[in-house]
Amino acid sequence: RGSPSTSTRPTWRGRRLATLEAQSASYSTYHSQTGAKVLAGCTNTGAVPHPWVTDPHPSAVADDAMVKETKVLKKNLRRYDVANVDRGFCIENQAIEDGILISRPLKRMRGQSQFSAADGNKTHKVGTTRICIEQANSTWKQKSGYLQRVTPALQFDILGTIARVAYCMTNFSAPLTTGVHLG
């Protein structure tokens, strides 16, 4: 049904956050800047339901902690549903607690030159179904002019609303792919 994914991290460089604690919590060593992140999910057809976009959290918050705090899996998926995620999106512990299955592209083992035919097919299938969320992520980043600039720290509280609206606006875009087989 859905495919939770991390999305872009709106930034607010150039403005000092209210406290050093807030600044530290919002600093991402991965992106080397302060910012926020939201989790978003989409259906296999690429639709992004409003409740599947979380409130923003500081960039330093780990994905698994954010999934647990927001309850995005538990609230939006049924027991035994499968969520397709990126390789680095490690949320298995929370997914097990919520009864959700996780599917991700396989990673080659050290010294393995290529996948077996079965592993290659599985990785291709997972990658093909992930196209929908990657397109939604790309579209909301491109179409939301607000998130294309540095956001003042005082506006952090409205980022969730802006992210939800931007993601929901992707529902009105023409699909970028056709012929994606989900079976």
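Residues numbered from 1 in each chain as written. Predicted model: local features only at pLDDT ≥ 70, side-chain atom pairs only at ≥ 80, totals over all residues. Heavy atoms only, no water.

Thoughts on the side chain of Asp98
In this fold, Asp98 is placed in helix H4 (residues 92-98). One buried charge, Asp98, has no salt-bridge partner; the nearest side chain with opposite charge is Lys74, at 4.6 Å. Contacts of Asp98, omitting those with residues within four sequence positions, involve Leu73, Lys74 and Arg79. (Helix = DSSP H or I, 4+ residues; strand = E, 2+ residues; numbered from the N terminus. Buried < 20%, exposed > 50% of the residue type's maximum accessible area, 1.4 Å probe, protein only. Lys, Arg positive; Asp, Glu negative; His and termini not counted. Salt bridge = Lys/Arg side-chain N within 4 Å of Asp/Glu carboxyl O. Contact = heavy atoms within 4.5 Å.)

Here we look at the environment of Tyr80
Along the chain, Tyr80 turns up in the loop between helix H3 (72-76) and strand E7 (82-84). Here the alpha-carbon distance between Tyr80 and Asp98, two residues 18 residues apart in the chain, equals 8.9 Å. Excluding residues within four positions of it along the chain, Tyr80 makes contact with Gly99 and Leu101.

Some remarks on the confidence of the model for the chain
When the pLDDT values of the chain are averaged, the result is 76; 79% of them are 70 or greater. A low-confidence stretch, residues 1-17 stays under pLDDT 50, and its non-local contacts, those more than four residues away or across chains, total 87 contacts. (pLDDT = per-residue confidence, 0-100.)

Re the pattern of salt bridges
Applying the stated criterion across every chain yields a total of three salt bridges. A salt bridge links Asp63 to Lys37, with the shortest nitrogen-to-oxygen separation between them at 2.9 Å. Linking Asp63 in helix H2 (residues 63-70) with Lys37 in strand E4 (residues 36-37), this pair joins segments that are 26 residues apart in sequence. The salt bridge involving Arg104 is made with Glu92; its shortest N-O contact spans 2.2 Å. Linking Arg104 in the loop between strand E8 (101-103) and helix H5 (117-143) with Glu92 in helix H4, this pair joins segments that are twelve residues apart in sequence. Arg104 gets classed as buried once you look at its relative accessible area, which sits at 18%. A residue is classified by how much of its surface remains accessible, and Glu92, at 28% relative accessible area, is partly exposed.

A short note on the environment of Ala47
One can find Ala47 in the loop between strand E5 (39-40) and strand E6 (57-58). The exposure class assigned to Ala47 is partly exposed, which follows from its relative accessible area of 31%. Sequence separation between Ala47 and Asn171 is 124 residues; the distance between their C-alpha atoms is 5.4 Å. Setting aside anything within four residues of it in sequence, one finds Ala47 in contact with Gly41, Cys42 and Asn171.

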